[in-house]
Amino acid sequence: MNVLKKLILLFGLAAMPAIAPAQAPNPAPQVAAPEAKAVPAPVAATTAATAAPAADAKAATAGPDDGSLPGYTPMKPTPGVGMPVDRGVDFQDQYSANGEYAKWLNNSILLPIITIISLFVLGLLLFVVVRFRRSANPNPSKTTHNTFIEIVWTLVPVLILLGIAYPSLTLVAKQFKPAPKEAVTVKITGYQWYWGYTYPDHGGFEVVSNMLKEQSQVGPGERYRTENDGPSHLAVDARMVVPAGVPIRIQTTAADVIHSFAVPSLWFKLDAVPGRLNEKQLLIEKPGVYFGQCSELCGARHGYMPIAVEALPPEKFAAWIKAKGGTMPGEKPAEAPAAPAAATAAAPAAAAPVAAAAAAVPAK
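About the criteria used
Residues numbered from 1 in each chain as written. Predicted model: local features only at pLDDT ≥ 70, side-chain atom pairs only at ≥ 80, totals over all residues. Heavy atoms only, no water. Buried < 20%, exposed > 50% of the residue type's maximum accessible area, 1.4 Å probe, protein only. Helix = DSSP H or I, 4+ residues; strand = E, 2+ residues; numbered from the N terminus. Arc of directions from axis to C-beta. Contact = heavy atoms within 4.5 Å. Expected span 1.5 Å × (residues − 1). Bend = angle between axes of the 7 residues up to and from the residue. 1 Å grid on protein atoms, 1.4 Å probe; cavity = no way out; pocket = protein on both sides within 12 Å on 5 of 7 lines; lining within 4 Å. Points joined across faces, edges and corners; volume = space filled by probe spheres on them. Nonpolar A, V, L, I, M, F, W, Y, C, P; charged D, E, K, R; others polar. Polar contact = N/O pair within 3.5 Å; in protein donor to acceptor, adjacent residues only side chain to side chain. Pairing = 2+ DSSP bridges. Axes fitted to C-alpha atoms, helices over the stretch in contact; angles between N-to-C directions.

Novice: When you look at helix α6 (residues 314-323) in this model, what are you seeing that I'm missing?
Specialist: An α-helical segment advances 3.6 residues per turn. Residues three or four places apart therefore align on the same side. Restricting attention to buried positions, one finds in α6 the residues Phe317, Ala318, Trp320 and Ile321. Take α6 and look down its axis: the buried residues cluster within an arc of 160 degrees, on one side only. Along α6, exposed side chains directed more than 90 degrees from the buried face belong to Glu315, Lys316 and Lys322. Considering only its buried residues, α6 is in contact with β1 (184-191), β3 (206-209), β4 (240-243) and β10 (306-312). Just downstream of α6, Gly325 is the residue with a positive phi angle, here 90 degrees.

Structure, rendered in structure tokens:
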């Protein structure tokens, strides 16, 4: 009897591995099939399939990375306008009223006076060397005073200085004339070592401007300088865009050390000091691109803080403001409650497939 029990036990143990695989598929039809319906895999597949052609279309239609925006394309600089020229010995051509007056003052008053005085002193020196040399004057004159000469060399310099002072003070007054109330305000912040341009009248957005590197200095896919951006070491990735023919209120400050915002062709220079807000008016007479640089020693990369001012016609400036997400004075900000409403309306539609799939799962 004991031998029979042992044989039955051994037979049962040997048969158990064959029974277990046969029973394994039984519960599978009850759980696995319905759960597969509950997973919204077709939605993900549809999204991925739609995204791929969209990405391909975007890549096919995208232009070069030149800072373009919807309704705005950066203006191409004009050679010799608003930039240094090779072998230049004079001030750059001026494109502001103050700059034109300053260049006239320099070329029409200061340079002629300086030239006349320099030639007069040189001639007087040569005359004295020849006329009063030792061989011609063995007994030198011992004259110590001459009333007429003393009056002349006192009165003539005073008259010259008065003649220079009036136009010079007029230029100073013009440069620091306050901007009118309707002027466009641009707040310029100097950083080490780049610039930030904030437009408080147009939504308060800020444009950050860095120098563009050469093609050999950047990696694949990175933006580099081209001739459409401007000269080397002066081209930037984002310009300070302003309207032409409109008074501009320039305010400068700094976040770290003292900088100086200077554009020679606009006769404009204003220091940017941390903790202070300096202000000056600028009016650019014609559209164009005008380049400058930081003019205050501000650290190791002081020479890599270029400035590019792009003056646009007022209607194009307004288009640029809208492309940046800003608003023109008097306009109401674009209302955006439609997005939450759309999301709320889309929620039931998105939940319907999930609810249907959940209903299809049989209760355990």
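Novice: Explain helix α4 (residues 97-131) to me, please; I cannot follow it from the model alone.
Specialist: Helix length check: α4 (35 residues) gives 50 Å between terminal C-alpha atoms against 51 Å at 1.5 Å per residue, within 8%. The sharpest bend along α4 comes to roughly 35 degrees, located at Leu110, with the proline Pro112 sitting one to four residues further on. All of the buried residues along α4 are Gly99, Ala102, Lys103, Leu105, Asn106 and Ile109. Buried residues belonging to α4 abut α5 (147-175).

Novice: Could you clarify how one ought to interpret the layout of surface pockets in this entry?
Specialist: Space left empty within the atom packing is revealed by a probe, the size of a water molecule, rolled over the atoms. Taken as a whole, the largest pocket spans an internal volume of roughly 390 Å³. Elements that contribute at least two residues to the lining of the largest pocket include exactly α4 and α5. Counting residues per element, the lining of the largest pocket draws most heavily on α5, at 7 residues. Taken together, the residues of the lining of the largest pocket sort by class into 13 nonpolar, no polar and no charged.

Novice: Is there a simple way to explain the environment of Ser141 in this structure?
Specialist: Examined against the element boundaries, Ser141 turns out to sit in the loop between α4 and α5. Overall, Ser141 belongs to the exposed group, its relative accessible area being 59%. A polar side-chain atom of Ser141 sits 3.0 Å from a polar atom in the side chain of Thr143.

Novice: How should I be thinking about the sheet that holds β3 in this particular structure?
Specialist: Neighbouring strands of a sheet are bound in pairs by backbone hydrogen bonds; such pairs are parallel or else antiparallel. Spatially, 5 strands are ordered β3-β2-β1-β5-β8 in an open sheet, and the strand pairing comes out mixed. The open sheet has two edge strands, β3 and β8 (278-282), and neither has a second partner. Averaged over all neighbouring strand pairs, the angle between strand axes comes to 25 degrees, with direction disregarded. Bridge count between β1 and strand β5 (residues 248-254): 7 bridges; the pairing is parallel. Looking across to β5, one finds that Thr185 is bridged to Arg249.

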